[in-house]
Amino acid sequence: MLIPFSVKNGFRLFCNHKVPTAGFKNTVKNGLILQSLSTDVYQNLAVEDWIHDHINLDDKPILFFWRNSPSVVIGRHQNPWQECNLNQMREEGIKLARRKSGGGTVYHDMGNINLTFFTTKNKYDRMKNLKLIVQALNSVQPQLDVQATKRFDLILDGQFKISGTASKIGRTAAYHHCTLLCSTDGASLTSFLKSPYQGIKSSATTSIPAVVKNLLEKDPTLTCEVLMNAIAEKYAAYHQIDSHINLINPTDETVFPGIKSKAKQLQTWEWIYGRTPKFSVNTSFTVLYEQSRVEIKVFIDIKNGRIEICNIEAPDHWLPLEVCDTLCSSFIGSKFCPIETTLMTNMLLKTYPEDYELHSKWNILCEKIKGIM
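Residues numbered from 1 in each chain as written. Predicted model: local features only at pLDDT ≥ 70, side-chain atom pairs only at ≥ 80, totals over all residues. Heavy atoms only, no water.

Visitor: Go over the overall build of the chain, please, and point to the residues and values.
Guide: Assigned secondary structure in the chain consists of 13 helices and 18 strands. Projected onto its principal axes, the C-alpha coordinates of the chain cover approximately 80 × 45 × 30 Å. Looking at the 373 residues of the chain, the share that counts as buried comes to 52%. For the chain, long-range pairs separated by at least 24 residues make up 71% of all intrachain contacts whose partners lie at least 6 apart in sequence. Accessible area of the chain: about 17200 Å², with a carbon and sulfur share of 51%. (Helix = DSSP H or I, 4+ residues; strand = E, 2+ residues; numbered from the N terminus. Buried < 20%, exposed > 50% of the residue type's maximum accessible area, 1.4 Å probe, protein only. Contact = heavy atoms within 4.5 Å. Areas by Shrake-Rupley, 256 points an atom, 1.4 Å probe, with all protein chains shown as cover.)

Visitor: Tell me about the pattern of salt bridges, residues and numbers included.
Guide: In total, this model carries 10 salt bridges according to the counting rule given. A salt bridge links K278 to E308, with the nearest nitrogen and oxygen atoms 3.3 Å apart. Here E308 lies in strand β18 (residues 306-313) and K278 lies in the loop between α10 (269-272) and β16 (279-289), a separation of 30 residues in the sequence. (Salt bridge = Lys/Arg side-chain N within 4 Å of Asp/Glu carboxyl O.)

Visitor: Could you give an account of the environment of G305, with specific residues and numbers?
Guide: With respect to the helices and strands, G305 occurs in the loop between β17 (292-303) and β18. With 35 residues separating them in the primary sequence, G305 and E270 have C-alpha atoms 7.7 Å apart. With residues up to four places along the chain from it excluded, the contact list for G305 reads W269, Y273, G274, S334, K335 and F336.

Visitor: Got a sec to walk through the sheet that holds strand β11 (residues 160-163)? Specific residues and values, please.
Guide: The strand order across the open sheet built from three strands is β9-β10-β11, with neighbouring strands paired in antiparallel fashion. Every interior strand has two partners, whereas the edge strands, β9 (146-148) and β11, have only one. Neighbour-to-neighbour, the strand axes of the sheet open up by a mean angle of 35°, direction not taken into account. When β9 meets strand β10 (residues 154-156), the two strands line up antiparallel, connected through three bridges. Counterpart to Q147 in the pairing with β10 is I155. Sheet strands touched by helix α5 (residues 126-140): β9, β10 and β11. Its angle to β9, the strand with the most contacts, is close to 175°. (Pairing = 2+ DSSP bridges. Axes fitted to C-alpha atoms, helices over the stretch in contact; angles between N-to-C directions.)

Visitor: Break down helix α13 (residues 356-370) for me, citing the residues and quoting the values.
Guide: Over its 15 residues, α13 runs 21 Å from end to end, which matches the ideal 21 Å to within 8%, given 1.5 Å per residue. Of all the residues in α13, the buried ones are L358, H359, K361, W362, L365, C366, I369 and K370. When α13 is viewed along its axis, its buried side chains cluster within an angular range of 170° and face the same direction. Residues of α13 that are buried in the fold lie against α4 (86-92), β16, β17, β18, α11 (321-331) and α12 (338-349). (Expected span 1.5 Å × (residues − 1). Arc of directions from axis to C-beta.)

Next comes the structure, spelled out in C-alpha cells:
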C-alpha cells in the first residue's frame, strides 16, 4: 500500500509500507525509515539530493539505507586522479561518482551499508547519529568495542575504522551520511583506492588513509540485514516512529518527480571530472625504442577537467621539436581523458600519413600520456 508524506512545493512522497492503515498517521507525522531497492550509485545519490531539496523535514526526520554495486565515491572537493586507480576502475567497469557532500573517498559494494540521516539544519547532529549506530551494534553484540571519534569516524577495537562520515548543510535542511563496513571486499577497497599517478600538485581535499575491518570478521552473525534492522529499531525508538523499513524505487518519477534528471547529472563527465579543483601534473617516464631508452618529461595544468597548459619535452633526435609543439597545442582545451586523447591522436596522425616511424613514436608517447589520465 502507499503512504503519503508531505513534501515541499506540493509534491507527495509515496513509499511501500508494511504496517496496517492504523499506523499511517504516526509514521507520517514523525518521520520515516527508507531503504533503496536500487544498487546504482547515481540513483541512490540522486535520492539524497531529492529528499534534501523537496522534503519538509520539520519534526519529520528520515533515515535512508542504501547499498551499491562496486563503485568508488569521491567527495565534492576531491581530485579523482589523486584518490583512486582510474585505469584499473575503467578496465574492471567500476563506476566513479562525485557526491554533493565533502569528505573523503570511499569504496562501495553490497557489503558496505550507507546510512543517510536527514534533519532540519538546526537539528543536524552527527555525533548523536553515530552514537545511535553504536547503541544498535551493541544491542546485537554487547561485546563489540566500537567508539565514535572526534573526526566522526567509528573505530572498532581501538584501531580499525568501520565507518566514515560526510555531510551537506543547506539553508534549512541538512543530511549526515556515513558508511558501515559489514562484508566489503577488502582487496578491491585497497586496490581501487590507491592512486598510481605521480607528480600531481593540487589543493583538493585529500583522503586520510586508515586501517579498516569488516564487522563480519568480528562476528559472522553481523550481516547487513541484521545491522540495518538493529539500526532501524534504535532510530525508530529514539524518534518514536514505526520501525518498519519502507522500500523505495529511485527510478519512479511518480514518487520522485524529476529524480531521473538528478541521476543523469551525477553521471556527467562535467560533474565527475570537470568539478575537480585546478591541479597540475609534473612527471617523466622512460620509453624503450629500438633498444634505447628515451626520457620524456611532461607538465600539464588542468582546470575544470580540461588541459590549460601542456609542455612535453622529448629528445629532438627522437621526436622533432615542431612535432612536440603540435602535439602540445592540440591538447590545449581538451579533456584530461584517455578517450579524447585517443581520438585527437588519431586525427593528428592523419597529417603525417606516410611517416610510419613518426606514427610509432607518437603512439608510444600518447599511450604513456594516457597512462597518467
